[in-house]
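Descriptive analysis of the structure
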Amino acid sequence: MKPAPVLAALAVLAFLPARAASGPGVVTDIPPVHSLVARVLGGEGAVTMLVPAGQSPHDHALRPSEARALGAADLVVIVGGGLTPWLDRPLATLAPRAYLVVLADIPGLPVPQREQDAAPGTGAPDSDHEEGSDPHLWLNPQIAAIWLPVIADALADLDPPNAQVYRDRAEAAVREVLDLDAALAARLRPLSAKGYIVAHDAFRHFEHRYHLDNLGAATTVHDLPPGAARLSTLRKLVESGDALCVFAEPGETAIAEQLAAGTGARLGVLDPLGAGIEPGPDLYPRLVANLADSLEACLGR
Ligand SMILES: [Zn+2]
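**A closer look at the sheet that holds strand β5 (residues 195-200)**
- In space, the four strands of this open sheet follow the order β6-β5-β7-β8, with parallel pairing throughout. The open sheet has two edge strands, β6 (213-219) and β8 (266-269), and neither has a second partner. Sheet twist, expressed as the average angle between the axes of neighbouring strands with direction ignored, equals 25°.
- Looking at chain direction, β5 and β6 are connected through five bridges and run parallel. Counterpart to Gly 195 in the pairing with β6 is Asp 213.

**Some details on the state of the cysteines**
- Summed over the entire model, instances satisfying the criterion amount to one disulfide.
- Between the sulfur atoms of Cys 245 and its disulfide partner Cys 298 the distance amounts to 2.3 Å. Linking Cys 245 and Cys 298, the disulfide has an S-S dihedral of approximately -110° and is accordingly described as left-handed. Remark: Cys 298 occurs in helix α10 (residues 283-299) and Cys 245 occurs in strand β7 (residues 245-248); sequence separation between them is 53 residues. Note on accessibility: Cys 245 and Cys 298 belong to one class, buried.

**Details of the nonpolar core**
- Ranked by internal contacts, the top residues of the largest apolar core, which has 73 residues, are Val 77, Trp 138, Trp 147, Leu 188, Phe 206, Phe 247 and Leu 295.
- Residues in contact with Trp 138, not counting those within four places in the same chain, are Ile 30, Pro 32, Val 79, Leu 83, Trp 147, Pro 272, Leu 273, Tyr 284 and Leu 287.
- Among the nonpolar cores identified, the runner-up in size contains 13 residues, and Ala 218, Val 238, Ala 243 and Val 246 belong to it.

Rules of the game
Residues numbered from 1 in each chain as written. Predicted model: local features only at pLDDT ≥ 70, side-chain atom pairs only at ≥ 80, totals over all residues. Heavy atoms only, no water. Pairing = 2+ DSSP bridges. Helix = DSSP H or I, 4+ residues; strand = E, 2+ residues; numbered from the N terminus. Axes fitted to C-alpha atoms, helices over the stretch in contact; angles between N-to-C directions. Disulfide = S-S within 2.5 Å. Buried < 20%, exposed > 50% of the residue type's maximum accessible area, 1.4 Å probe, protein only. Core = buried A, V, L, I, M, F, W, Y, C linked by side-chain atoms within 4.5 Å. Contact = heavy atoms within 4.5 Å.

So, in structure tokens, the structure goes:
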């Protein structure tokens, strides 16, 4: 038997997502959750995500490869809380026996008592999120710090020989995330009285944690333009000078440009998902630090 076909087969295997023989196969929803899981899982297993970088998690059509990944998953880790309503049905039909961790349902998360308090004017009924709650929970690093040990426990249950490895990695990751959180709190403190508005209402947990002054959001629906009344209210905040900056999301700058046009307000970009960052364990801390960079660059002048 010639060795060539064997080598060819090995070469093909090398390009498949690395699936360690012993470790769990994990499916996640979005890049920041993928990043947190990858940090804990290390090389012990394989982790994939359903919503690729740069795509909205609020609506998504599963591709066949993603459906297969769900069907083969040992563990599924998602934010939940209304972030990905389209995922409920595929989860029930494709991965009924997978170990499911819904991060929004973990008790004790530091969320505002009434989330509207965090960002006045943004708790509007035309939200595509569950009314009054913001599912972009990962943007508060103190919440990520609570999630990490839960992720480690799930991996430990599925892969007992590596239980201590997962718990040690989670512990180190919690320290890193909380150090970053403290650094961001110090950096962002001078910005707490600087008003701004956002195109997408995704930052309430970040704003609540760091006491930022979000004056309003244009819309939570990526694909639908905001109503005329909402735009007019926001435009007045910009014209009056109360809102110093208008923040768009990456690749969706039209509404922000329209709101800032002809005023002294500056334009910025806030990226809640890490669209421009290489997926992996380093994405999460970079994503959060990038938000602080963007806020400083626009508001801190
Ligand atoms: Zn969103």
